[in-house]
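# Descriptive analysis of the structure
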Amino acid sequence: MSSMFQYGSSFNTKGLKEINLSSFDTSKVTNMSYMFLNAGGLTGLDLSSFNTSNVANMRGMFDFTTRDFKKLKLGSNFKFLSDAALNDISFSPTVKWQNVGTGTNEQPNGNFIMSSSELMSDYDGSTMADTYVWQPAIQTAVKVHDSTLYIGTEWKAEDNFDSAIDKDGNPVDFADVTVEGTVDTSKTGTYEVSYSYEGVTSVATITVKAIQTAVNVHDSTLYIGTEWKAEDNFDSAIDKDGNPVDFADVTVEGTVDTSKTG
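Everything in this summary refers to the structure shown in the same document. (Residues numbered from 1 in each chain as written. Predicted model: local features only at pLDDT ≥ 70, side-chain atom pairs only at ≥ 80, totals over all residues. Heavy atoms only, no water.)

### Quick notes on the nonpolar core
One broad rule of soluble globular proteins: the nonpolar side chains tend to lie buried together. Selection rule: Here, nonpolar core refers to any group of buried Ala, Val, Leu, Ile, Met, Phe, Trp, Tyr and Cys residues whose side-chain atoms link them within 4.5 Å. Buried, partly exposed and exposed residues are distinguished by accessible area as a fraction of the type maximum, computed with a 1.4 Å probe on protein chains only: under 20%, between the cut-offs, and over 50%, respectively. Put simply, DSSP marks the helices as runs of H or I at least four residues long and the strands as runs of E at least two long, and each gets a number from the N terminus on. By the convention used here, residues are in contact when the closest approach between their heavy atoms is within 4.5 Å.
Membership of the largest hydrophobic core comes to 31 residues, with the highest contact counts inside it found for Phe-36, Leu-45, Leu-47, Phe-62, Phe-78 and Phe-80. Looking at this core, the elements with two or more residues in it are β1 (44–47), β2 (71–74), α1 (116–122) and β5 (130–136). What Phe-62 contacts, discounting residues up to four positions off in sequence, is Phe-36, Leu-45, Leu-47, Phe-78, Phe-80, Ala-84, Ala-85, Leu-86 and Asn-87. Counting 18 residues, the second-largest nonpolar core is a separate cluster that includes Leu-149, Trp-155, Val-177 and Ala-204.

This is how it looks when you write it as structure tokens:
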């Protein structure tokens, strides 16, 4: 099928906008190089019936498609080769290929969103068979993070918020984000707080723990002239999570003068 619909080949496709390829059986095809090269009138292609399992040459298959080419339907048996040359129609970062059907490997906002090179390298027919449309990408996103607090610690919803962007990729103020849920720092527990903007929701998990910090020491009786050091009366210490603390990390105030009674 090399150069089959190439503009400038024996079949002049300069004005061709649509091709019905639904009945094509390509299971034995080995060469699709330059198949749609410079087919400048095409607005889209339905390649959902294409089986490219035996194709060894896709060089320039989609090369020099124009701004009119904005729809591509791919099936479960289609696989791009690295030199297929599906061109980016625009270098704008907010214009991407997006699935508009029922793809299963969805991005967080519910769509596949990728450049031409990403679509060629990442396309997996087993999970991504779908119709892809070249259009401004909906970039809405909300980023939050989980955290651990201790009883009595002050908490506010903004503490777990990182950032948000709208559908055009512009930053969104925290004041415009809808927050649902709260954290009671007076008691231990795990709390989930939802942050939403324009239909996109992210959930932060906040864990409130008890403070376990403790220092254990013992009293003692010495006699005049006995050597003493602060570590002699230290037994153990644990931090707020219950982990052992070295004596070197403990602050000691006061001393003992073993030259006199007291």
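Now that the structure has been shown, the text picks up again.
### Topic: the pattern of salt bridges
Just so we agree on the cut-off: Here, a salt bridge means any side-chain nitrogen of Lys or Arg that lies within 4 Å of a carboxyl oxygen of Asp or Glu.
Within the structure shown, the criterion is met by three salt bridges. In this structure, Lys-156 and Asp-159 form a salt bridge, with 3.2 Å as the shortest nitrogen-oxygen distance. Assessed through its relative accessible area of 33%, Asp-159 is described here as partly exposed. Close ionic contact of Lys-209 with Asp-241 constitutes a salt bridge, the shortest N to O distance being 3.0 Å. Of the two residues, Lys-209 sits in strand β11 (residues 200–209) while Asp-241 sits in the segment after β13 (234–238), which places them 32 residues apart along the sequence. On the accessibility criterion, Lys-209 (30% relative accessible area) is partly exposed. Judged by its relative accessible area of 29%, Asp-241 falls in the partly exposed class.

In short, geometric facts, not functional conclusions.
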